[in-house]
Structure formats: structure tokens, C-alpha cells
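As a plain string of letters, each chain reads:
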Number of protein chains: 2
Amino acid sequence: MSEPNPAPNNLTPAVLDELRTLVGPHGLIAEQNQLQTYECDGLTNFRTMPGAVVLPRTTAEVADVVSLCAKYAVPFVARGAGTGLSGGSLPTEHCIVIGLSRLNRILSVDLENSRVHVEPGVTNTGVTSAVKAEGYFYAPDPSSQTVCTIGGNLAENAGGAHCLKYGFTTTHVLGCEVVLPSGEVMWFGSEHGVVDTPGYDLAGVFIGSEGTLGVATRAVLRVLRKPEAVQTLLAAFDTTTGAAQTVSDIIASGMLPSAMEMMDRISITAAEAAVHAGYPECTALLLVELDGPLAEVNAQMVQVREFCTKNGAWEQRLAQTDAERALVWKGRKAAFAAMGRVSPNYIVQDGVIPRTALPRVLARMDEMSAETGLRIANVFHAGDGNLHPMVLYDRTIEGEEDRALILSYDILRLCVDAGGSITGEHGVGREKQCVMSYQFHEPDLATMQRVRRAFDPQNIANPEKLFPTPRLCGERRHGAYIPHPVEAAGIAEVF
Amino acid sequence: MSEPNPAPNNLTPAVLDELRTLVGPHGLIAEQNQLQTYECDGLTNFRTMPGAVVLPRTTAEVADVVSLCAKYAVPFVARGAGTGLSGGSLPTEHCIVIGLSRLNRILSVDLENSRVHVEPGVTNTGVTSAVKAEGYFYAPDPSSQTVCTIGGNLAENAGGAHCLKYGFTTTHVLGCEVVLPSGEVMWFGSEHGVVDTPGYDLAGVFIGSEGTLGVATRAVLRVLRKPEAVQTLLAAFDTTTGAAQTVSDIIASGMLPSAMEMMDRISITAAEAAVHAGYPECTALLLVELDGPLAEVNAQMVQVREFCTKNGAWEQRLAQTDAERALVWKGRKAAFAAMGRVSPNYIVQDGVIPRTALPRVLARMDEMSAETGLRIANVFHAGDGNLHPMVLYDRTIEGEEDRALILSYDILRLCVDAGGSITGEHGVGREKQCVMSYQFHEPDLATMQRVRRAFDPQNIANPEKLFPTPRLCGERRHGAYIPHPVEAAGIAEVF
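Residues numbered from 1 in each chain as written. Chains lettered and ligands numbered in written order. Predicted model: local features only at pLDDT ≥ 70, side-chain atom pairs only at ≥ 80, totals over all residues. Heavy atoms only, no water.

> Just to check I follow, could you spell out the environment of Pro-359 of chain A for this structure?
Residues and elements named next belong to chain A. Tracing the backbone through its elements, the reader meets Pro-359 in helix 14 (residues 358-372). What makes Pro-359 partly exposed here is its relative accessible area of 34%. As a C-alpha pair, Pro-359 and Thr-240 span 119 residues in sequence and 7.1 Å in three-dimensional space. (Helix = DSSP H or I, 4+ residues; strand = E, 2+ residues; numbered from the N terminus. Buried < 20%, exposed > 50% of the residue type's maximum accessible area, 1.4 Å probe, protein only.)

Following this line, the structure appears as C-alpha cells:
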């Protein structure tokens, strides 16, 4: 693969001066050592230095910066807390990173209509904190929720353990103010939080568009009443099939738990080593959380326990206090970070499969692990078939990182083959561009590109993300990345 | 306003011949007297004869027809059962109507994954019928559900009385096969019913796009388990404020009833005259339906009744059997059609307001009724602030139809002024184009137009709908329609 042409640098010193005038000297970062903070997000094995970082304080400032970008064709990348796992806020060369951390006000709380109006820099848990005393909460709960921001949640259509019952971010955003790539400011959905608005569902297409259609500067979120009761059951199984069958039985019975999480043996071991949650040593751990009126939760938990018993659970623990429940969740929420306890390096993946394909896909993953000699740990949102396989490897062993990467993409292809998808909640970003053409046919991608151009004809809003590009698929930070044959074929199909 | 140029007629005899070859002689209607069936939908005061009607039997036939339309720039309008209330499937001059009634197969039922795969001509209740025996149902329930089809439900993002709890069509469609205006066929969302897919949410923007982005030829729908218990309470109030406050109290308590409907005195009288539902004579009738586990429903119904009593309900009737419940709903579902009992003519409108604005908006509607001398009947989905005001009039009185129409648009403007929207579930279609520019600013409409062009650069998919056009706003079947000053100004803003 030949070296691509270098990206043009339209961010000249003169444009930088204009930028400084717009946001003030304290709103601009252009020193190399300070810019380093922004060279990657949660996907740390991809790094690019931005041309500049701006930290606007108002919608008007964001609009001014984006207008400037439009005028000079300078690419921009919006950034929240930088916790994304797919490289969605990874800078592109000579771009302006628009950091939204200063837009962090809760503008209004209207509990009579169950609405909270926020700026994008407010953290996910910040929304719940604002309404907790009155008995409300904000439902989407990505694992990074104490740090990650609403703007990033919109960009990635963030989910979390409880989206089985409550749905993704898109379900909870009633409207958002967006700065378009032209610099124009508009509302998608309803500023007043009305549920349905006429015309195209532009909020729908914007949410989850990974920063490629504009920058959200405000959002009207729906908050929910805290349920009367919450109970969490932890059940230990000796087979993955037993745990998976329990999940199917629960759903088939008509119950909708607020969460159903599974962890495999490696994940359990790692979580135990890291946070001492007191998990039983088993092959598959199932965590079922029910919430709702106490009478309902009690009645349903009896049924859940019967299913667990029927499918071979040899230990069941019911957490009923907040403290007990917090301990159960602590292990699950720490599972990604805990992987460092059992492996020097790891890649977190994020695929989706039809729930009923779980045993089949897991069996194939075991084979793939044996074939490659690389361990795969698994943590799932089992209720909606969202897998988080983690490929464990050692970067110091020659070639192992590349083999791990190839395996992780092969797992995503396996998900697609099973009728699933290459991402449940982390997004495509930079990480999964290579498998986009395995998921989608050329006309699908072309249609998405036309939608992109409808918003961003100059391709300046988070370019080089989401869509497959040969340049990025051939490129790796550590040089010698050899494209996988399927992947290379996929790219050739499109371009 | 000057007369617009006549639409070009690209549907020449030669193109008609090609069309006949594609769908066979029995798949084409081109006789004037047979075409009359298709000259309007549920919005009967707008009528246009189509150039031809085709009745394809497969996706491939739909794609062939649309490809032909693309080749010769012939406009096409997809049509399900023709029950839409905003003129969404009203033909445009010299267009081809694509009737989807023959694409009426249920392709597969996969209850293990709660999915049903259907063609667009399947009726809404047809989906529930296919899964009822196994204890499942399809949630969206427009009043026309026994007749209207899934294709039309997708086009309009249909709701219904139970969308307060269950959400609109968009919540229940996991994927759909679409023939784009180019004739290309593709899947938006997941063919296999996986919940989240990467890239833009094209299913999201397609659903509710009123036939302007393509034709759905298949859909994967989510079906739900029938709840264990359903109870319906009918409560009679002497003031609208009492009923509205009860709705607010119920929501504020954290309950989410499956439906909360309100009817005013005129609607009650009309429904009684038509179907003898045995409703009490009162100013405001509130219908609250709870569903879920029996224990939960029992506990919550006690609370609902307390709120009703507190807010002055002088009669409460609890329907607990299917038969009792059916009678309660019969009056509500018949309310639109029953209007003929109390008025020779009427216009059904469909606006949305923040739930808490209900008393204020109703008070203003009373004033508007007094000012114009025209009666306004009201039926609402009160839980989500979706109003269905009906303006009653007599066509035989000179000028009254135009005054009724102006009043009905003024009501929609009132909804917008209250922070709401001009349609909750009926769509904009042809009927509400005039008020689109009151709801949206020019950049909003321009953005939607760019999205439209991304799908349909030739503007052949259901053109002259959804977006405001001066031609349509100045035009009426009965000639002398005088544009309202605000409306005229709105148009001028855009064009």
C-alpha cells in the first residue's frame, strides 16, 4: 500500500490568530507540550497531535470557531471527557479540537415535565446528581459515567448496563442544539422537550453520528422516577450455556430486567484481583437486576431464581441493600480496567449478536482463541446480545499486538456473520473503520456518505472517522500492520 | 398569488407501456374510473388523480417501478391502506401510485428473539394476530389499526393511545428494507433485528419521513409479551383542570400508565350518540389504563383512584374484564368518526404541547371558539400532551369551511407557541405544509431539504409533501382560500 499524501494544513498562523481573537488567549491551546493531553482518547494506541485546541464557553463561541473552520476548510474534532473507546475524538492532523468541558452548566430542571436542560460538558452522573434528591435519575449509564459527558454520550449514542430496559441515549434525548459544520446553530427535536416533532428525525440521525454531523451545544434530557425497589441477583454457573439459557428463559417469560450481565472466568478472576467483589469462582457469572414496584420485583425475583436453579446455578446471592448491590456492580464495572491484572495488554471489543446466538458464538470464540493462542475474556450485556470480548496479549512479544488486533477484528466479523453488528455502544470511530465494509454493502455506505455531505459538504467535521478509508486501514502507529485479507478485500469493494 | 406552472407529465404512453411490462397487465391500473379510488386518502378534502397505479407483488417489482420513475423523472407516491389523515398518500399530478396491498405476507415469526418479519401491506393488527396465541402483541396502536398497514405506520411513525408507555413505531422497528428513490434496495437498521447498528441511524430518519425518502418493502418488528394484567379506569370530572391535574399527579408519582386519554363534553356526547359506551355526562372524561404484573397494577390503581378523588372526580368506573374494557375503549376509538353525529363537517387536527401547558392551551382554545363562533371538540392522548382538536363546521354555510380551516391552523400555531408541535402522529403530509414554516426556521427546513436530496436528488419520492411550498399553501379544492397573514409571512420567510 503506497504512502498517502500528507493532509493539507489550512491552520496557518493567521488563522490561529483569528481563532485566538474569537475565544481569547485563555481559550486557546497551541503549545506542543500542552497539546499532548489531547493526542488520544480512551483508544490509546492511536495518537495524533492536533493543530490547536479551543475551549469555548458558549454556543456562540462554538459557532464562531466552527464558522472559522468552514471558512478556511480546517477540520475540527469535538471532544468531551475523552473517555471514548473507539477513537471518536482522536484528532486528525492539523485539526482544531473543540473541547467542551467549559460548557458544563445545568441550565434548568423541570421535574413537572421530567426534563433537564444541560450543556454538553455536564457529566453523565452530573445529570442524576441534579435530580436525585427529588427521586429522579438519568437512565443511560456507560461504565465511564462519573467522568464521561453528555456531549460524548450523544455522539456515541451511549448505552450501559441498564439499556436493556431503558434504551440507549437516543431514547432519552428530546432535543439538542447543534452547531452544524457550516457554523449555523439549530435545534434538532424539541427545545421544549415535546416528544414528537414533524419532519425528519434529525435528532435521531445526529445522535450516534460520532461527531461527523456537527457539535451538540445543549440537550434536553428526559429523567425518570427512581423505581421503588431494586434487587440484584448474582448466580454462578459451570457452563456458559446454562447462564445463556437462563437469560433466554427470563426474556421469554415476559420479564424485562433492568440489567442482565454475564462475565466469564477470566473476567471474574481479573475483577476479583482488582476490587475483591467476593465473586464465586465459576465459568459464567450472571448478574440480574430487577427494578420497579416492590410487589413486582419480589414476585419476579422468585421466577428468576427458579430459572437459575433449573439451568444449573450452584450459587445465588441476592443483594438487597444499596451497599450489597454496589459491591456486586463494583466488580462488573471494574472488569475492563481489571484486565491489567491478568494480562500486560488487551484490546476491548464491542460487538452485538442476536441473543439466541450466544452459545454458538462463544463456542466459536473458544476455537479462535485455541487457533491463535491468544486468550479472550468476555463481559456481556447478555440481555441485548452486546458482547465485550477482550483479547489479551503481550506487546513485548514480536508480532503479538498485530495478531491480537487481527483476532479482535475477526471476532467482529464473527458477530456480523451471526447476524449482528460491529458495535453496540462504543462506536466505530477510528478503530472499526476497517470492518465497516464487512458490515455494510457499498450502497449502504454511499447513502450514509450522502447524508454526511448533506450536513458537511466540506468534510471537516471529525473527518477520517466512521467511514472506511484505505489510508487509515493500512496505517498503524507501530508501522508494520499487515491488512487482513478479508479486510483488504472489503476496502477494495468500496474504493 | 399567481397560478403555478402545470406539473410536467413525464408519464408518457411509452413509459406506461414499460410499466405494464414490469408489473404485468393485472398489476397496473390506468383507467380513469378505476384510478378514482386512489385520488385521496383519509384527508378527503384534498383530491388529485394519479397518472397510474401499480400493485407490485415483490420487492424486486417495487425496485423496478421506482427505477423506471428515476429514469424518466416520474414522481411516485407509496400507498398502504390510504387511512392517513394528513394527505401523505395523496397523489401528485401525473404520478405513479405504488399500492403495497399485495406485499402482505408475514415472512417469519421468531418469538425467541421477539421479532416478526413482515411485508409492508400487513395490517397493524395482523402483526398482533400472528403472535397473539403465544401471548405476544405489537405495541403501536393507531385508531385505524384494523385497516392501516405497517408500511404506512413506518411512513408516519404512527403512535396510538398506548404510545405513552410503549413509544411510537420507531421504537418497535429494528430494521427495514427500503427501495431508495434511485431504485436501489437496502436495509436500514438490522435485517436480523439486532438492537444497535453502527453508522448513521438511517432507519431512524426514514421512519416518519412520510414517503419522501423511499418505499419500505420489509420490516423487522419487535413484539412484546402481553402483560399479566390490564385495568382501565374511567373517571368523570366537572372541570378540565381537574382531569389535567390528575394526569400530572399520576406522572409525577412515577407511574407510567399504558394510556391516559381525555375527552371533552362534545366528544363524549358524539361518542355516546354513535356507540352507546355508557359514558357519564361530564365536562372531562379521563381514561387511565394500567398494565403489568397483577400485583403492580392493583397497587398502582389504588393510587390513581386517590388522585382522581383528590381532583374532584365524581364518578369512577373500573373495567376489569376484556368486555368491560372493550366498551370503554369503543367510545374513545369511535370519537373521530362519531363527530358526524353532532356536526355536518369537521376537521381533525393533531398538535402536541408540553403536558403541563394543557389547562392554559385549553382555556385559549375556548376563547378562540368564542371568537370565531365555531365549536371545537377535543380528544387527547393526555399523558404525552398530544391533542386532537376537532373544528366543527357546516360546509353549506358560505365561507365557514375556510374559517374552520384557518381556525384549525391557528390551533396548531397555538401549540407551537406553547412550546409544542404541529403534529403528534398524523404527519404533515399535504395538510400541514402551511404551518411547517411556523414550526421551523429557514435553516432547519434547509437542513431537512439537504437530507431529502441526499436520498432523492430528483425530488420524485412523494414530492409536494411535508415541506412548505407556496403553490400548495395558496391552493384549495374549493377555490377561494385566503392565506392567513401569519402563514403567508411564514412562506415568504422561506422562499
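> What's the story with the relation of the copies chain A and chain B in this structure? I'm lost.
There are two copies of the chain, and a rotation about an axis plus a shift along that axis relates them. Of the transformation placing chain A onto chain B, the axial shift is 0.0 Å and the rotation is 180 degrees, giving an RMSD of 0.0 Å. Taken together, the turn and the small shift mark the pair as related by a two-fold rotation axis. Both copies share a contact surface, since 100% of the interface residues of chain A are interface residues in chain B too. (Least-squares fit on C-alpha atoms with pLDDT ≥ 70 in both. Contact = heavy atoms within 4.5 Å.)

> Looking at this model, I keep getting lost on the packing of helix 14 of chain A against helix 15 (residues 400-417) of chain A. Mind explaining?
Angle between the axes and distance between the axes are the two parameters that describe a pair of packed helices. Residue and element names in this part refer to chain A. Following both chains from N to C, one finds helix 14 and helix 15 inclined at 160 degrees, their axes separated by 11 Å at the closest point. Judged by the angle between their axes, helix 14 and helix 15 are roughly antiparallel. For helix 14 against helix 15, the interelement crossing comes out right-handed. Residues Val-361, Arg-364, Met-365, Met-368 and Thr-372 of helix 14 form the contact with helix 15, whose own contacting residues are Arg-403, Leu-407, Asp-410, Ile-411 and Leu-414. The residue inventory of the contact of helix 14 with helix 15, partitioned by class, reads six nonpolar, one polar and three charged. (Axes fitted to C-alpha atoms, helices over the stretch in contact; angles between N-to-C directions. Parallel < 35°, antiparallel > 145°, perpendicular 65-115°, else oblique. Left-handed = near helix turned anticlockwise from the far one by under 90°. Nonpolar A, V, L, I, M, F, W, Y, C, P; charged D, E, K, R; others polar.)

> Help me understand the domain arrangement of chain A, please; the structure alone is not making it clear to me.
It is common to give the size of an interface as the accessible area lost on bringing the parts into contact. All names here are of chain A. In terms of domain boundaries, chain A breaks down into domain 1 (13-99), domain 2 (106-225), domain 3 (229-338) and domain 4 (341-494). Inter-centroid distance (C-alpha atoms) of domain 2 to domain 3 is 29 Å. With eight residues of domain 2 at the interface, the matching set in domain 3 holds twelve residues. Note on domain 2 versus domain 3: buried area summed over both sides is about 850 Å², and carbon and sulfur give 51% of it. Sorting the residues of domain 2 by area buried against domain 3 places His-162, Leu-164 and Lys-165 first, and these three jointly supply 58% of that buried surface. One can count two salt bridges joining domain 2 with domain 3. Put simply, Asp-291 and Lys-165 hold a salt bridge, and the shortest N to O gap is 2.6 Å. Taken together, the connections running from domain 2 to domain 3 amount to four residue pairs in polar contact (both at pLDDT 80 or more). Classifying every residue of the side of domain 2 that touches domain 3 gives three nonpolar, three polar and two charged. (Domains from an automatic or database assignment. Buried area = accessible area lost by both parts, 1.4 Å probe. Salt bridge = Lys/Arg side-chain N within 4 Å of Asp/Glu carboxyl O. Polar contact = N/O pair within 3.5 Å; in protein donor to acceptor, adjacent residues only side chain to side chain.)

> Help me out: how do you make sense of the interface of chain A and chain B in this one?
Counting residues at the interface gives 62 residues for chain A and 62 residues for chain B. A buried area of about 4900 Å², summed over both sides, lies between chain A and chain B, and 62% of it is on carbon and sulfur atoms. Considering only the side of chain A, the residues that lose the most area to chain B are Asp-196, Pro-198 and Tyr-200 of chain A, jointly responsible for 16% of the buried surface there. Along the contact surface separating chain A from chain B lie zero salt bridges. Connecting chain A to chain B are nine residue pairs in polar contact (both at pLDDT 80 or more). For the side of chain A that touches chain B, the secondary-structure elements that each account for two or more residues are strand 9 (185-189), helix 8 (202-206), helix 11 (294-310), helix 16 (433-439) and helix 17 (442-455) of chain A. Residue contributions to the side of chain A that touches chain B peak at nine residues, all from helix 17 of chain A. Its residues placed into classes, the side of chain A that touches chain B shows 29 nonpolar, 22 polar and eleven charged.

> Sorry if this is basic, but what is going on with the sheet that holds strand 1 (residues 28-29) of chain B here?
Backbone-to-backbone hydrogen bonds pair the strands of a sheet. The strands run either parallel or antiparallel. All names here are of chain B. In space, the four strands of this open sheet follow the order 1-2-4-3, with mixed pairing throughout. A single partner strand is all that each edge strand has here, and the edge strands are strand 1 and strand 3 (76-79). Of the pairings in the sheet, the one linking strand 3 to strand 4 (residues 96-99) comprises four bridges and is parallel in character. If you follow Val-77 over to strand 4, its bridge partner there is Val-97. Against the sheet, helix 3 (residues 59-72) makes contact with strand 2 (52-54), strand 3 and strand 4, and its axis sits at roughly 165 degrees relative to strand 4, the strand it touches most. (Pairing = 2+ DSSP bridges.)

> Is there a simple way to explain the pairing of strand 10 (residues 215-222) of chain A in this structure?
For a regular strand, the rule is simple: side chains alternate between the two faces of the sheet. Residue and element names in this part refer to chain A. Counting buried residues in strand 10 gives six out of eight residues, a clear majority hidden from the surface. As paired elements, strand 8 (residues 173-179) and strand 10 share six bridges and run antiparallel to each other. Paired with Val-173 across the strands is Leu-221, a residue of strand 10.

> When you look at the environment of Phe-168 of chain B in this model, what are you seeing that I'm missing?
For Phe-168 of chain B, the location among the structural elements is in the loop between helix 6 (163-166) and helix 7 (169-172). Separated by 143 residues in sequence, Phe-168 of chain B and Asn-311 of chain B have C-alpha atoms that sit 30 Å apart.

> Looking at this structure, how should I read the packing of aromatic side chains?
Two aromatic rings, taken as a pair, are described by how far apart their centres are and by the angle between their planes. All names here are of chain A. Per the stated rule, a full pass over the model turns up eight aromatic pairs over all chains. Ring centres of Phe-137 and Tyr-166 lie 5.6 Å apart, and the angle between their planes is 85 degrees; on these two criteria the pair is classed as edge-to-face. Remark: Tyr-166 occurs in helix 6 (residues 163-166) and Phe-137 occurs in strand 7 (residues 136-137); sequence separation between them is 29 residues. Taking the relative accessible area as the measure of exposure, Phe-137 reaches 15% and is therefore buried. (Phe/Tyr/Trp six-rings, centres within 6.5 Å; stacked < 30°, edge-to-face > 60°.)

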